[in-house]
Amino acid sequence: MDSDAARAASASSGSHHSDVTLRVNGKPHTLTVDHRSVLLDVLREDLDLIGAKKGCDHGQCGACTVLVDGRRANSCLLPAVALDGGDITTVEGLSGDGEDLHPLQRAFLDRDAFQCGYCTPGQICSALGAVAEAAAGHPSHVTDPATPSGQPVPLGADEIRERLSGNLCRCGAYPHIVEAVQDVIS
């Protein structure tokens with residue numbers, strides 16, 4: 001059977017699912033996912049990890065932000081099938097197996113960096129990704145051009161605001177969010 005015939009046979013048999021293995025919060029999960037399923041839906045519906053929220057479903061609000069292979073990503077835009085073998089960290093996995101909160105989670109509580117809490121998991125995951133990006137020397141729009149290339153970028157309030165600008169907070173807790181991030185990096 002030639003490849004076109006094989007694809008046609010596969011399509012007619014309804015084979016639009018694949019097995020994927022995702023390492024989520026340090027634990028491997030092998031799942032059969034519909035090719036149209038996005039990571040956010042797999043996390044919430046199949047793995048009962050409800051920290052990442054469905055806000056806009058268009059990657060514009062950041063409520064669904066998780067870390068994928070250490071980089072922040074909008075899970076509502078990522079086809080789960082494309083992440084086979086990926087390492088996913090959600091807000092639920094930040095404290096590890098212990099009961100102590102991650103320092104950034106603790107800082108959010110201490111600084112009252114949330115009100116309704118809907119965006120908080122995405123804000124925290126995005127902040128962790130932003131801190132790692134700055135430490136790796138990735139500039140942002142507001143990074144001083146005199147900053148040596150490849151050197152860690154200092155995270156002042158303007159830098160933090162710029163890096164977290166893709167995460168919306170309908171309650172307006174932004175000043176406290178910036179303070180919480182500053183507490184963790186200082």
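Preceding block: the structure.
Structure report, in brief. (Residues numbered from 1 in each chain as written. Predicted model: local features only at pLDDT ≥ 70, side-chain atom pairs only at ≥ 80, totals over all residues. Heavy atoms only, no water.)

Let's talk about the nonpolar core
Nonpolar side chains tend toward joint burial in soluble globular proteins.
Right, so step 1: In this structure, Leu104, Phe108 and Leu164 are the most contacted members of the largest nonpolar core, which totals 24 residues.
Right, so step 2: The set of elements that each furnish at least two residues to this core consists of helix H3 (103-110), helix H4 (120-135) and helix H6 (174-185).
Right, so step 3: Not counting residues within four places of it along the chain, the set of residues in contact with Phe108 comprises Ala113, Phe114, Thr120, Gln123, Ile124, Ile177 and Ala180.
Right, so step 4: Judged by nonpolar contacts, the second largest core, of 21 residues, contains Val24, Leu47, Cys64 and Leu83. (Core = buried A, V, L, I, M, F, W, Y, C linked by side-chain atoms within 4.5 Å. Buried < 20%, exposed > 50% of the residue type's maximum accessible area, 1.4 Å probe, protein only. Helix = DSSP H or I, 4+ residues; strand = E, 2+ residues; numbered from the N terminus. Contact = heavy atoms within 4.5 Å.)

Concerning the side chain of Thr143
Right, so step 1: Here Thr143 shows up in the loop between H4 and helix H5 (157-163).
Right, so step 2: A polar atom in the side chain of Thr143 sits 2.7 Å from the backbone nitrogen of Ser140.
Right, so step 3: Reaching out from Thr143, the side chain makes a polar contact with the side chain of Glu159 at a distance of 2.9 Å.
Right, so step 4: Beyond its immediate chain neighbours, meaning those up to four positions away, Thr143 contacts Val153, Glu159 and Arg163. (Polar contact = N/O pair within 3.5 Å; in protein donor to acceptor, adjacent residues only side chain to side chain.)

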